[in-house]
Amino acid sequence: MSDPERGPRDSGPEAAFAGARLHIVTGKGGTGKTTAAAALALSLASRGGRVLLVEVEGRQGVAALLGSAALPYEEREMLRAANGGSVHVLAADAEAALLEYLEMFYGIRRAGQALTRLGAVDFATTVAPGLRDVLLTGKATEAVRRRAGGRRHSSDGPGNAPFHYDSVVMDAPPTGRIGQFLNVNSEVAGLARVGPVRSHADRVMEVIRSERTRVHFVTLLEEMPAQETRDGINEISGLGLNLGAVLVNMVAPPLLGGADLAAAAAGELDTAELVRGLKAARLETASAEAPEALAADLAGQVRAHALRHLLQERVRGELEGLGPPLLELPLLEGGADRAALASLARRLSEQGVGR
Amino acid sequence: MTGTDPGTAPRPEVSEAGRLDADALVDDPGTRIIVCCGAGGVGKTTTAAALGVRAAERGRRTVVITVDPARRLAQSMGLEELDNTPRPVPLSGANGAAGGSGGAGGSLHAMMLDMKRTFDEVVREHADPERARQILANPFYQTLSTSFSGTQEYMAMERLGQLRQSGEWDLIVVDTPPSRSALDFLDAPERLGRFLDGKLIRFLSAPASTGAFRLLGAGFNVVGSVVGRIVGTQFLNDLRAFVSAFDTVFGGFQERAERTYRLLQAPGTAFVVVAVPDTDSMREASYFVERLAKDSMPLAGLVINRTHPLPTGPGARLGAAEALAAADSLATGDHPLAGAALRLHAERVRVHEREAGLRARLLSAHRSLRVVEVAARPEDVHDLAGLRGIGSALAGEDASGDP
Ligand SMILES: Nc1ncnc2c1ncn2[C@@H]1O[C@H](COP(=O)(O)OP(=O)(O)OP(=O)(O)O)[C@@H](O)[C@H]1O
Ligand SMILES: Nc1ncnc2c1ncn2[C@@H]1O[C@H](COP(=O)(O)OP(=O)(O)O)[C@@H](O)[C@H]1O
Ligand SMILES: [Mg+2]
Ligand SMILES: [Mg+2]
């Protein structure tokens, strides 16, 4: 529970992860939520533990990232980390979660199938979205509480047994929907005031509100993702949930020094020096015959690069003022794939994740 | 992102014959509706706004329905908040006079869709005051009108139908909601209709002893009681109240959705598909083009936004490998500016080749597709000057994107 008396948390990366076992990864669509969530899971697993990566939107984003066939609704070991650590993946979807829930609490697989035929899932995911969300967040929080030797579904297992998973990372819905998604309690409250769904929601909310859970935001150094991050942070802290880190994805270093960048952005690039440089470089084609014209072409690109970089620095400055620590992930040439994950995970570990 | 097959990448000039000409499109008095669609974040809102500005400044009375403009863009168009009423956009500056007027009798208005309010209005229009009150207060209506994945699409279409009927506009440019998939936009109204008319809704809302249950048989009876146990009777009661109240307005909804759908197929409508040059977005654009053809929706063409064209001078002939070799040939520490410029150029050429490959692949599947490219600007587009820049790129006037 949040304590209004407590001052701002020490904003270093260690503090953003200390004591956390459920990591919710959100961000604007397409910023790299799935990639960052997988890298975070791998980084956490490199301490040697077992980590569960849960995908909730039924889009098979993790399978696409890992270059594997579509994953079933089943916790499956997919990645190995250093020190014997492992990342397991669960591709959760509302329909399967609903059927599991029915079977688990009511032992009614047959009725569940009838419900599917009737379009119950359409129902759960449309007019009662709170139901869908509580089923999905319920999956993740159940994995957080699960203990070694405990029965998989129902109980938390022997109270002193170690946890089955050291950490659970969720590839969550985008910023536009994250507040509603996590605030299952109030969502369900409007629809079901009493009953099993309601008490399930209360149990889920208890985990989500606790210090064990952190919400991380993935962003790019661009205006709209940064704006969504700012709005999302306000919403999440307004709900009394705990913020983790801001993961700044696809960061590319500038190719020019600060003075050259500033000059280029201002349109005052030293073209004479550029021409001298082009003359000194060994160019073969016809372009070598007209270094001035080539310099004019290249100067346009240099200026665009400089402007983009200054914009990114401005956005970074704004993000720094938001509170949560910034962690950076580099732009990888050719996109992020299974092989690239290890290097992204290493970058996170170097910045203090998992320590 | 996959690599490209250099063997299939033609030079861009090859497909020049099939260029989408935005000026011809907005100048044609027969064009009454332009729908900008595509996956999220590709630049639909930007394209819609740029087409609106362009059309107004070329003399048409234009209104743009935007759905989720970036804050600064909305502000620059005088849109501070959600509001279902078109507001005049002052087009002062480079072209034309102030006060919503563009060139030669044209003008620009813009509005930001308020889907909840649009929905409320439709309900009020179709139900008597007492029923409308019941519906608006029901918790199921609250979720339906704010978070059903499809309400926004449906309401954008609803608003489009209303504006078209008003007869006040020469041209209506519609931005579409930031759906996961470009296809959601076409499917959502139908899905909403199917859902409201669905078996489950009828089943759940029928009192346990009535025909619906008996018809469905004993297996389903178990389901009914299970649902009641899980969600509670309050839930079922609210749902029943909602469905029976909504029933009365439902016919009207279906009818309106069908009318709008036909409007989209009419000759005065032009779809503009927006994509960015990456594998996913181009694949999505390809599906969308096929789907529009299947539904007999008139397609104007494809905008490939945020491309990286080569410079127009001798830089166009300097290859990536050569530029890199030249950069490497400079002794360390010598001429860092030229070294950086050459490396930047090499990267630009590689990106350009990958983009050209994606474009070629798409065009080989859709040979008659008209395409225009809009270069990535170094900064976001958030004012009228930026929109004019995008507009002239859409009209083929400026291909570079470099400042
Ligand atoms: N650090 C990186 N360097 C290069 N490419 C990246 C990086 N991170 C992500 N990408 C690429 O960006 C694209 C989007 O990434 P990803 O699927 O992780 O985003 P997402 O936020 O999960 O998207 P969605 O909102 O669609 O779920 C992918 O093509 C991925 O390979
Ligand atoms: N050609 C372009 N160059 C640079 N930035 C662009 C370009 N097109 C769009 N943008 C920027 O990309 C972001 C997303 O654009 P937007 O039109 O809101 O996308 P959509 O409506 O498809 O979600 C905005 O910040 C916009 O300014
Ligand atoms: Mg994803
Ligand atoms: Mg938009």
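Residues numbered from 1 in each chain as written. Chains lettered and ligands numbered in written order. Predicted model: local features only at pLDDT ≥ 70, side-chain atom pairs only at ≥ 80, totals over all residues. Heavy atoms only, no water.

- If you look chain B up in an unreviewed UniProt entry, it shows as Anion-transporting ArsA/GET3 family ATPase from Nocardiopsis terrae.

- Going by an unreviewed UniProt entry, chain A carries the name ArsA/GET3 Anion-transporting ATPase-like domain-containing protein and comes from Nocardiopsis terrae.

**Considerations on the site of ligand 2**
Next up, step 1: Close contacts around ligand 2 come from 17 residues, with Lys44(B), Thr45(B), Thr46(B), Asn305(B) and Arg377(B) the closest.
Next up, step 2: Those chains with residues close to ligand 2 are chains A and B.
Next up, step 3: Interatomic distance of 2.8 Å between a backbone N/O atom of Lys44(B) and an oxygen atom of ligand 2.
Next up, step 4: Between an oxygen atom of ligand 2 and a side-chain N or O atom of Asp380(B), the distance comes to 3.4 Å.
Next up, step 5: In isolation ligand 2 offers 560 Å² of accessible surface; the protein chains occlude 96% of this area. (Near = heavy atom within 4 Å. Polar contact = N/O pair within 3.5 Å; in protein donor to acceptor, adjacent residues only side chain to side chain. Areas by Shrake-Rupley, 256 points an atom, 1.4 Å probe, with all protein chains shown as cover.)

**A few points about the pattern of salt bridges**
Next up, step 1: The full count for this structure, using the stated rule, is 30 salt bridges over all chains.
Next up, step 2: Residue Lys279(A) pairs with Glu292(A) through a salt bridge whose shortest N-O separation is 3.8 Å. One end of the pair, Lys279(A), is in helix 13 (residues 271-280); the other, Glu292(A), is in helix 14 (residues 291-320), and 13 residues separate them in sequence.
Next up, step 3: When its relative accessible area of 55% is taken as the criterion, Lys279(A) is described as exposed.
Next up, step 4: The residue Glu328(A) makes a salt bridge to Arg316(A) at a minimum N-O spacing of 1.9 Å. Of this pair, Glu328(A) sits in strand 8 (residues 326-330) while Arg316(A) sits in helix 14, and the two are twelve residues apart along the sequence.
Next up, step 5: A relative accessible area of 23% places Glu328(A) in the partly exposed class.
Next up, step 6: Relative accessible area serves as the criterion here: at 15%, Arg316(A) is assigned to the buried category.
Next up, step 7: Connected via shared salt-bridge partners are Asp23(B), Asp27(B), Arg54(B), Arg58(B) and Glu397(B). (Salt bridge = Lys/Arg side-chain N within 4 Å of Asp/Glu carboxyl O. Helix = DSSP H or I, 4+ residues; strand = E, 2+ residues; numbered from the N terminus. Buried < 20%, exposed > 50% of the residue type's maximum accessible area, 1.4 Å probe, protein only.)

**A closer look at the coordination of the magnesium ion (ligand 4)**
As a benchmark, a tetrahedral metal site with four donors has ideal angles of 109.5 degrees, while an octahedral site with six donors has ideal angles of 90 or 180 degrees.
All names here are of chain B.
Next up, step 1: Distances from the magnesium ion (ligand 4) to its protein donors, Thr45 (OG1) and Asp68 (OD), fall at 2.0 to 2.2 Å. Of this pair, threonine 45 sits in helix 2 (residues 44-57) while aspartate 68 sits in the loop between strand 2 (61-66) and helix 3 (71-76); the two residues are 23 residues apart in sequence, bridging distant segments of the chain.
Next up, step 2: With a relative accessible area of 11%, threonine 45 lands in the buried category. (Donors = N, O, S within 2.8 Å, 3.2 Å for Na, K, Ca; no water.)

**Examining the packing of aromatic side chains**
Next up, step 1: On inspection of all chains with the given rule, the structure shows one aromatic pair over all chains.
Next up, step 2: A centroid spacing of 5.2 Å and a plane angle of 75° characterise the contact between Phe119(B) and Tyr141(B), whose relative ring orientation is edge-to-face. Taken together, the residues span a long stretch of sequence, with Phe119(B) in helix 4 (residues 115-126) and Tyr141(B) in helix 6 (residues 139-147) at a distance of 22 residues.
Next up, step 3: Against the face of Phe163(A) rests Arg21(A), its NZ or CZ located 3.6 Å from the ring centre.
Next up, step 4: For the cation-ring pair, Arg147(A) lies above Phe163(A), with the distance from its terminal atom to the ring centre recorded as 4.1 Å. (Phe/Tyr/Trp six-rings, centres within 6.5 Å; stacked < 30°, edge-to-face > 60°. Lys NZ or Arg CZ within 6 Å of the ring centre and 35° of its normal.)

**Some thoughts on the sheet that holds strand 4 (residues 86-91) of chain A**
Within a sheet, neighbouring strands are paired by backbone hydrogen bonds and run either parallel or antiparallel to one another.
All names here are of chain A.
Next up, step 1: Judged by pairing direction, the sheet is mixed, and its eight strands sit side by side in the order 3-4-2-5-1-6-7-8 without closing on themselves. The sheet terminates laterally at strand 3 (76-80) and strand 8, the two strands that pair on one side only. Between one strand axis and the next, the sheet turns through 25° on average, direction left out of account.
Next up, step 2: Lying over the sheet, helix 2 (residues 33-45) contacts strand 1 (22-27), strand 2 (50-55), strand 3, strand 4, strand 5 (167-171), strand 6 (213-219), strand 7 (243-251) and strand 8, oriented at roughly 170° with respect to strand 5.
Next up, step 3: Against the sheet, helix 14 makes contact with strand 6, strand 7 and strand 8, and its axis sits at roughly 145° relative to strand 8, the strand it touches most. (Pairing = 2+ DSSP bridges. Axes fitted to C-alpha atoms, helices over the stretch in contact; angles between N-to-C directions. Contact = heavy atoms within 4.5 Å.)

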